[in-house]
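Structural overview
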Amino acid sequence: MAVSSHELIAGFADPVQASQQVFRAALKVMSEPGTRVEVDYVEQAPKGLDLSTWQLALSLLDPDTRVWLSPTLASSDAVISNLRFHCQCPLVEFPKDADFAIALNTELPQLAELNWGSAEYPDRSTTLVVQVPALSAEPFWTLSGPGIEHTRSLRIAGLPDAFRAELIKSRQRFPLGIDTFWCCDNRLTALPRTTKIEPRTTAIEPLNTEQEAC
Amino acid sequence: MSVEQQQETPETCARQHWMGVLAKSSVAALQQRWQALSLEPEYQFIRKPETGLAMLRGRVGGSGQPFNMGEMTLTRCAVRLASGTLGVSYVSGRNSQHAVTAALADALLQERSTQSLLQRELIEPLQDELEAERQQRAAQANSTRVDFFTLVRGED
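Not measured: the values here are computed from a predicted model. (Residues numbered from 1 in each chain as written. Chains lettered and ligands numbered in written order. Predicted model: local features only at pLDDT ≥ 70, side-chain atom pairs only at ≥ 80, totals over all residues.)

Structural notes on the overall build of chain A
Scanning chain A for helices and strands turns up 5 helices and 9 strands. The order of α-helices and β-strands along chain A, N terminus first, is α-β-α-β-α-α-β-β-β-β-α-β-β-β. Against the compact-globule benchmark of 17 Å for 214 residues, chain A has a radius of gyration of 17 Å, which places it among compact chains. Dimensions of chain A, computed from C-alpha atoms along their principal axes, come out at roughly 50 × 40 × 30 Å. In chain A, which comprises 214 residues, the proportion classed as buried is 36%. Looking at chain A alone, contacts between residues at least 24 apart form 73% of all its contacts between residues at least 6 apart. (Helix = DSSP H or I, 4+ residues; strand = E, 2+ residues; numbered from the N terminus. Rg over C-alpha atoms; globule rule 2.2 N^0.38 Å. Buried ≥ 20, exposed ≤ 12 C-beta atoms within 10 Å, placed from the backbone. Contact = placed C-beta atoms within 7 Å.)

Details of the overall build of chain B
When helices and strands are tallied, chain B shows 4 helices and 3 strands. Counting from the amino terminus, chain B carries its helices and strands in the arrangement α-α-β-β-β-α-α. The globule rule puts the C-alpha radius of gyration for 156 residues at 15 Å, and the 20 Å found for chain B is more than 25% above it. Dimensions of chain B along its principal axes, counting C-alpha atoms only, are 85 × 40 × 30 Å. Taking the contacts inside chain B whose residues are at least 6 apart along the sequence as the reference set, 53% of them involve residues at least 24 apart.

Overview of the sheet that holds strand E4 (residues 127-131) of chain A
All names here are of chain A. Spatial ordering of the open sheet is given by E1-E8-E7-E4-E3-E2, a layout of 6 strands whose pairing is mixed. A strand with exactly one partner marks an edge of an open sheet, and here the two such strands are strand E1 (37-38) and strand E2 (67-69). Along the sheet face, helix H2 (residues 51-60) touches strand E3 (100-104), E4, strand E7 (179-184) and strand E8 (187-191) and points at about 135° away from the line of E7. (Pairing = 2+ DSSP bridges. Axes fitted to C-alpha atoms, helices over the stretch in contact; angles between N-to-C directions.)

Here's the deal with helix H4 (residues 77-87) of chain A
Residues and elements named next belong to chain A. Turning to H4, its buried residues are Val79, Ile80, Ser81, Asn82, Leu83, Phe85 and His86. For H4, the secondary structure elements touched by its buried residues are H2, E2 and helix H3 (71-74). Immediately downstream of H4, the backbone of Gln88 shows phi near 55°, a positive value.

Points about the pairing of E3 of chain A
A regular strand carries its side chains on alternate faces of the sheet. Residues and elements named next belong to chain A. For E3, the tally of buried residues reaches 5 of 5 residues, placing the bulk of the element in the interior. The alternating pattern of E3 places Phe100, Ile102 and Leu104 on one face and Ala101 and Ala103 on the opposite face, and all of these are buried. With 3 bridges joining them, E2 and E3 adopt parallel strand pairing. Counterpart to Val67 in the pairing with E3 is Phe100. The pairing of E3 with E4 spans 5 bridges and is classified as parallel. Opposite Ile102, over in E4, you have Val129 as the bridge partner.

Some remarks on the packing of helix H2 (residues 27-37) of chain B against helix H4 (residues 112-143) of chain B
Residues and elements named next belong to chain B. At a closest axis distance of 10 Å, the pairing of H2 and H4 adopts a crossing angle of 155°. On the basis of their axis angle, the class for H2 and H4 is roughly antiparallel. Here H2 runs over H4; the crossing is right-handed. Every residue of H4 that contacts H2 at Ala29, Leu30, Arg33, Trp34 and Leu37 is listed here: Glu121, Leu122, Pro125, Leu126 and Glu129. Tallied by class, the residues present in the contact of H2 with H4 amount to 7 nonpolar, no polar and 3 charged. (Parallel < 35°, antiparallel > 145°, perpendicular 65-115°, else oblique. Left-handed = near helix turned anticlockwise from the far one by under 90°. Nonpolar A, V, L, I, M, F, W, Y, C, P; charged D, E, K, R; others polar.)

Here we look at H4 of chain B
Residue and element names in this part refer to chain B. The end-to-end C-alpha distance of H4 is 45 Å, a good match for the 46 Å that 32 residues give at a rise of 1.5 Å each. Bending of H4 peaks at approximately 50° at the position of Leu118. Among all positions of H4, only Leu118, Leu122, Ile123 and Leu126 are buried. At its buried positions, H4 is contacted by helix H1 (10-24), H2 and helix H3 (96-110). (Expected span 1.5 Å × (residues − 1). Bend = angle between axes of the 7 residues up to and from the residue.)

Quick look at the sheet that holds strand E6 (residues 152-156) of chain A
Residue and element names in this part refer to chain A. Taken in spatial order, the 3 strands of this open sheet run E6-E5-E9, and their pairing is antiparallel. Unpaired on one side and paired on the other, E6 and strand E9 (196-199) mark the two borders of the sheet. Neighbour to neighbour, the strand axes of the sheet diverge by 60° on average, direction disregarded. Strand direction decides the pairing type here: strand E5 (residues 135-144) and E6, joined by 5 bridges, are antiparallel. Within E6, the residue paired with Leu135 across the bridge is Ile156.

Overview of the environment of Ala74 of chain A
If you trace the backbone, Ala74 of chain A turns up in helix H3. As a C-alpha pair, Ala74 of chain A and Gly177 of chain A span 103 residues in sequence and 25 Å in three-dimensional space.

Quick notes on the pairing of E8 of chain A
Residue and element names in this part refer to chain A. Here E8 lies mainly inside the structure; 5 of its 5 residues are buried. Pairing between E1 and E8: 2 bridges, direction antiparallel. Each residue of the ladder has a partner; that of Glu38, found in E8, is Arg187. Strand direction decides the pairing type here: E7 and E8, joined by 5 bridges, are antiparallel. Bridging from a neighbouring strand, Trp182 pairs with Thr189 of E8. If you look at the hairpin formed by E7 and E8, you'll find 2 residues sitting between the two strands, and Asp185 has a positive phi there, around 55°.

Thoughts on the environment of Leu49 of chain A
All names here are of chain A. Within the secondary structure, Leu49 sits in the loop between E1 and H2. Using a count of 24 C-beta atoms within 10 Å as the deciding quantity, one classes Leu49 as buried. In sequence terms Leu49 and Gln21 are 28 residues apart; their C-alpha atoms lie 19 Å from each other. Sequence-distant contacts of Leu49, defined by excluding residues within four places in its chain, comprise Trp54 and Val79.

Encoded structure:
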């Protein structure tokens, strides 16, 4: 698919400064899992992407990073054109081939479908970037591990039960694992593979709280 | 990244031509003619001018195996006019003003209202200058041409 010029939007106004600031924010959320950071270096994002997802893409993706997009994003002209124009990243068909997988919360790939790296090179795994309807510090998950002094609580809305269970279970394969970024509007958080996740409650999330603004 | 299949429509060819002229013209000549037109379109940057390297590839005799000849410095830029038209430029060297002007001219050349004016006042004179320069260089080179031939030697 060629780049559609009418869909192109401006990237960072000050690319060097802004991509470093966003990279710094990404480092912060990865090294202190569960903290939420706001990033505000662009005014708009392509239709279908949240501001934080778009800024993360602008600072992390380049011609050397292979990217997989979940079906809705992959069929969006605006998303593809802007990623191609601003990041020049190759898009791949299967999540296994990707360095970064960008997905909507309703179209998550199975973790097993991603690249987990190898015992020699666990760092060659796919990093998963998920766009979710809400992120908050409500006690829903209790996080612990490197970068967290005692525990930290985090609630990520809109995740299927099966995926949550899979994510919690994936910690057993350490040092292999999948690092995840979670994006909502202009906010960003991360759960690297080192973070232990304990569900505070086994009850199914009530549906009415999912609509909260993020 | 693979090169997208582009259809060779007349519009594409015309655009390739004017983008080529804008990129190859000297900065001074382009700026002078551009300012004389005193067009001041409203625009926003989609990609601010940025300088980088591009690998030039060649083929021996135009048909051999492609090889990497060397890298050149180039500056690229993309702007969007208030009307929504996108202008793109890739120019050699590090002059960002050259890239901005070329991108603006590319955008305005796609607009019906300004196309003929710019063709007449900007592209054609610049093209003539480029052609004259090329002719002059060719003439200079031609004056030093040596034709090699072997005289037929007598047998005795």
